[in-house]
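The lines below spell out each chain.
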Amino acid sequence: MDAFDEEQQAFNGSPLDDENLLSGQFWGELRVFLAVAKTKSFNRAAEITNTSQPRVSRQVKRLQDVVGSQLFIATARGVKLTQKGEALAQALCRLDHTLYSITSNLKAETSEAEGTVRVSITDGLNALFAAPALEQFSARFPRIQLHLKNPINIMNLRENQTDMMIGYSPAESSDIRFRKLGQLHFIPVAAKEYIQKYGLPTRSNLEQHFFLQSEYYLSRTGLWDGWQQAVARGRIAHYCDNSFAYGMLVKTGQGIGLLGSYAVMEPSAVPLEIDLRISVPLYLIALTDRLNARPVRLVFDWLSEVIGGNPWFSDEFRLNNPPGVHDAGFRKMFNLEGIAETDTSR
């Protein structure tokens, strides 16, 4: 038998029954502090919060006085968070994200297919697949806006502060849902211009060639070992961590790059036969509570179809994928309309 009656109000109160605000009187100061923490600048924080720089300084000083800790240190490059300031800023980021999600869900209840949906997606997948397919989605749902953002963290959805992301590992958590989209196949690629200048790279002559390296491929997980070994045999021409710029370095003949297999759609790209292919699973990952909002759910299903329904991301590796319904914009970028099958013999 329970010691207390759960129906008795005295034993079953709510935080809303207590009229005190635990945060005291500094809700506004916390918002200003978060703006400074994100921008590392009192001037930029003033612009974002639509106030003045002196007011920002006063509010931050008041917050520091109330909590009894220094939150920022002034440096030549702007302000830097102290250890306690970093802890407060991280906590406020999570709160800010939660408040955004709650208010977005409330809006979705009154306007079922209206709102902004934030998506973390890499430059390459965005520019070549999501962005070209967005026109048709917008025609169907004109009141849904997408905010397509570069991922801050390619492994953790919450760190990106977006509703969903395309990532490389599933998230085992009750408040996160994921859907496998397929495989992203990485292959070594060189431009025709590079081959004309340095000759065709083969398994036996990599010592004579230049490579384009990225920090993403330096991970010591074992997955990228084949690429790292190939690069070690040659010489690194440049480093680049922006996927779109990396592809442009390859296209302009700056060196051999490791690119998604769809790069062979580019007329100047030549896939190299050096016994190297790396396949990485692709997942669409979303916050479960945000999927209750119809705009988020519609974008989730749309991205699942655009990426997951594309033969370039099938589990089977192929370089001669036929045109698909979601390749129209992609093929238009490379002036490939009407071509029935990719020519990989060049």
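Note that the structure is predicted; figures quoted are calculated from it, not measured.

Undergrad: For the packing of helix 1 (residues 27-39) against helix 3 (residues 53-67), give the residues involved together with the corresponding values.
TA: One way to put it is that helix 1 packs onto helix 3 with a least axis distance of 9 Å and a crossing angle of 110°. Considered as vectors, helix 1 and helix 3 are oriented roughly perpendicular to each other. Considering how the two elements wind past one another, helix 1 and helix 3 form a crossing that is left-handed. Here helix 1 contributes G28, E29, L30, V32, F33 and V36 to the contact with helix 3, which in turn contributes V56, Q59, V60, R62 and L63. Each residue belonging to the contact of helix 1 with helix 3 can be placed in one class, and the counts come to seven nonpolar, two polar and two charged.

Undergrad: Now, about the nonpolar core: what can you tell me, with residues and values included?
TA: Formed by 65 residues in total, the largest nonpolar core has its most connected members in M164, W227, V299 and W302. Per-element tally for this core: the top contributor is helix 10 (residues 294-308), with eight residues. Aside from chain neighbours lying at most four places away, what touches W227 is F211, L212, Q213, Y217, Y246, I256, G257, L258, L276 and I278. Counting 21 residues, the second-largest nonpolar core is a separate cluster that includes F26, F33, L34 and V36.

Undergrad: Run through the pattern of salt bridges, naming residues and quoting values.
TA: As enumerated under the stated definition, the model contains nine salt bridges in all. The salt bridge partner of R62 is E29, with a shortest N-O separation of 2.7 Å. Taken as a pair, R62 in helix 3 and E29 in helix 1 lie far apart in primary sequence, 33 residues in all. For E47, the salt bridge is made with R44, and the minimal N-O distance between the two is 2.8 Å.

Undergrad: Quick one: what's the story with the packing of aromatic side chains, residue by residue and with numbers?
TA: Using the criterion set out here, one finds 16 aromatic pairs in the structure. Ring geometry for F186 against W224: centres 5.3 Å apart, planes inclined by 80°, an arrangement best described as edge-to-face. On the criterion of sequence distance, the pair formed by F186 in strand 6 (residues 176-191) and W224 in the loop between strand 7 (210-213) and helix 8 (225-233) is long-range, its members being 38 residues apart. Residue class for W224 comes out buried when judged on its relative accessible area of 9%. One aromatic cluster is present, built from ring pairs that chain together F186, F211, Y217, W224, W227 and Y246.

Cut-offs and rules
- Residues numbered from 1 in each chain as written.
- Predicted model: local features only at pLDDT ≥ 70, side-chain atom pairs only at ≥ 80, totals over all residues.
- Heavy atoms only, no water.
- Axes fitted to C-alpha atoms, helices over the stretch in contact; angles between N-to-C directions.
- Helix = DSSP H or I, 4+ residues; strand = E, 2+ residues; numbered from the N terminus.
- Parallel < 35°, antiparallel > 145°, perpendicular 65-115°, else oblique.
- Left-handed = near helix turned anticlockwise from the far one by under 90°.
- Contact = heavy atoms within 4.5 Å.
- Nonpolar A, V, L, I, M, F, W, Y, C, P; charged D, E, K, R; others polar.
- Core = buried A, V, L, I, M, F, W, Y, C linked by side-chain atoms within 4.5 Å.
- Buried < 20%, exposed > 50% of the residue type's maximum accessible area, 1.4 Å probe, protein only.
- Salt bridge = Lys/Arg side-chain N within 4 Å of Asp/Glu carboxyl O.
- Phe/Tyr/Trp six-rings, centres within 6.5 Å; stacked < 30°, edge-to-face > 60°.

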